[in-house]
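The primary structure of each chain is shown beneath.
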Amino acid sequence: TKTADLLPPLKVAVTGAAGQIGYALVMRIASGEMLGKDQLIDLSLIETDQGMSPLRGVMMELEDGAFPLLNKVTATTDLNEGFGDAAFNLLVGATPRGPGMERADLMAANAKIFAEQGKALNDVAPIGAKILVVGNPANTNALVASHNAPDMWPEQFVAMTRLDQSRAAALLAEKADVPVKDVDRVIIWGNHSATQYPDLSHARVGGKWAKSIVDDKWITDDFIPRVQKRGAEVIDARGASSAASAASAAIDAVRDMQLGSGDAWQSNAIPSDGSYGIADGIWYSVPTVCHGDSHYRRVQKLPIDEFSAKMMTKTEKELIAERDSVRHLLPGHEGKPV
Ligand code: NAD
Ligand code: LMR
């Protein structure tokens, strides 16, 4: 690409940029895989005080990568400076779950971080800024951030369930013995947690209905629990939570949102509007169609069988309980129903 053909720089902010996911993520943003090979990038890396030293190393490596699309890299601990003018904000920084830890253990500490970040985004984010929440508990962190950003649209905040979708698609492809590109319409409903419902009711394998290829017993006894527990399986094996695959999913999710992905279905956790009988106002993963420029639409009116309805309610209940446990961080709702 000639310099003259390149689009003027867009600022992309990444929190937790020196962490495991951040390390994999910033390299791929810089190489143009997220926003396209003609888009110049200003990277704004946000870390804690302790994160600043490793972040300096990441910045050296970004420099040494000599990425032609990378216009500028800045590092800060100041949220207003980091998020100011950023068109895209990837909220990755949080304390990750270690071996034997439950997500609930992390809830309070991480929700506080996202309340502060929501406030800062409200003050400095440009109109139309896009927010992808990766740090766990991702759905509830998105809810907390959005509630603390009353001047922004809740729909600007999306929590990532793309990794779960990719895991589900890969597992189905392996079972059906086809390349993963032949699998589509896999859905992740609900929370990015072990209650999520990976749903094959509408999935297709090489254009055929997945359920005509794999049997129900495999779906209930193997597929669903394996996708639900894949995060923990990776933690047990690596001694650390998934990082390269999580970064890859974030790249896929933002790229599809921004550049569009035709009529493909992409699961994203977005604010519920009551569709499918899901409680209003929780960040619940649903299938979406991405039209580009970050316009997305929830896939509506899918038939839901009894088994699916039960699974969808279970993960909804967990999200309602998570919301209740962070009510003290939702302005105006302290001690009151949301
Ligand atoms: P990590 O510990 O390697 O990195 C986290 C980084 O965030 C650290 O460098 C830390 O200094 C920084 N940080 C912590 N608090 C911060 C704050 N308030 N502001 C800025 N930076 C801050 O963790 P990781 O493996 O990169 O994982 C990051 C998060 O992503 C975790 O919450 C993890 O559970 C989550 N995760 C989500 C998914 C998903 O699919 N949604 C998948 C994998 C991991
Ligand atoms: C994952 O899905 O790999 C992460 O969210 C890690 C976790 O805590 O489950």
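The shown structure was predicted, so the numbers you read here are calculated from the model rather than taken from an experiment. (Residues numbered from 1 in each chain as written. Chains lettered and ligands numbered in written order. Predicted model: local features only at pLDDT ≥ 70, side-chain atom pairs only at ≥ 80, totals over all residues. Heavy atoms only, no water.)

Participant: Give a description of the confidence of the model for the protein that names residues and reports values.
Facilitator: When pLDDT is averaged across the protein, the result is 95; 96% of the residues are at 70 or more. Mean pLDDT across the elements of the protein ranges from a minimum in helix α4 (residues 103-124), with 90, to a maximum in strand β8 (residues 187-189), with 99. Scoring the predicted complex yields pTM 0.96 and, for the interface, ipTM 0.98. (pLDDT = per-residue confidence, 0-100. Helix = DSSP H or I, 4+ residues; strand = E, 2+ residues; numbered from the N terminus.)

Participant: Which residues make up the packing of aromatic side chains, and what values go with them?
Facilitator: Under the definition given, this model contains three aromatic pairs. Ring geometry for W189 and Y276: centres 5.1 Å apart, planes at 70 degrees, overall edge-to-face. Of this pair, W189 sits in strand β8 while Y276 sits in the loop between β12 (266-271) and β13 (283-292), and the two are 87 residues apart along the sequence. We classify W189 as buried; its relative accessible area is 0%. Given the relative accessible area of 21%, Y276 is considered partly exposed. (Phe/Tyr/Trp six-rings, centres within 6.5 Å; stacked < 30°, edge-to-face > 60°. Buried < 20%, exposed > 50% of the residue type's maximum accessible area, 1.4 Å probe, protein only.)

Participant: Tell me about the pairing of strand β2 (residues 39-46), residues and numbers included.
Facilitator: The buried fraction of β2 is high, at eight of eight residues. In β2, alternate side chains face the same way, and those of Q39, I41, L43 and L45 on one face and L40, D42, S44 and I46 on the other are all buried. Bridge count for strand β1 (residues 7-15) against β2 is seven bridges, and the pairing is parallel. Across the sheet, residue V12 finds its bridge partner in β2, namely L43. Since β1 and β2 lie parallel, the crossover through helix α1 (residues 20-30) that links them has a hand, and here it is right-handed. The pairing of β2 with strand β3 (residues 70-76) spans six bridges and is parallel. Within β3, the residue paired with D42 across the bridge is K72. (Pairing = 2+ DSSP bridges. Right-handed = clockwise from strand over helix to strand, strands pointing away.)

Participant: Run through the site of ligand 1, naming residues and quoting values.
Facilitator: Lining the immediate surroundings of ligand 1 are 24 residues, of which Q20, I21, E47, V134 and N136 lie closest. G16 places a main-chain nitrogen or oxygen 3.4 Å from a nitrogen atom of ligand 1. A distance of 3.4 Å separates an oxygen atom of ligand 1 from a polar atom in the side chain of T48. Considered on its own, ligand 1 offers 850 Å² of accessible surface; in the complex 86% of this is hidden by protein. Contributions of two or more residues to the shell around ligand 1 are made by α1 and α4. The residue makeup of the shell around ligand 1, split by class, is eleven nonpolar, twelve polar and one charged. (Near = heavy atom within 4 Å. Polar contact = N/O pair within 3.5 Å; in protein donor to acceptor, adjacent residues only side chain to side chain. Areas by Shrake-Rupley, 256 points an atom, 1.4 Å probe, with all protein chains shown as cover. Nonpolar A, V, L, I, M, F, W, Y, C, P; charged D, E, K, R; others polar.)

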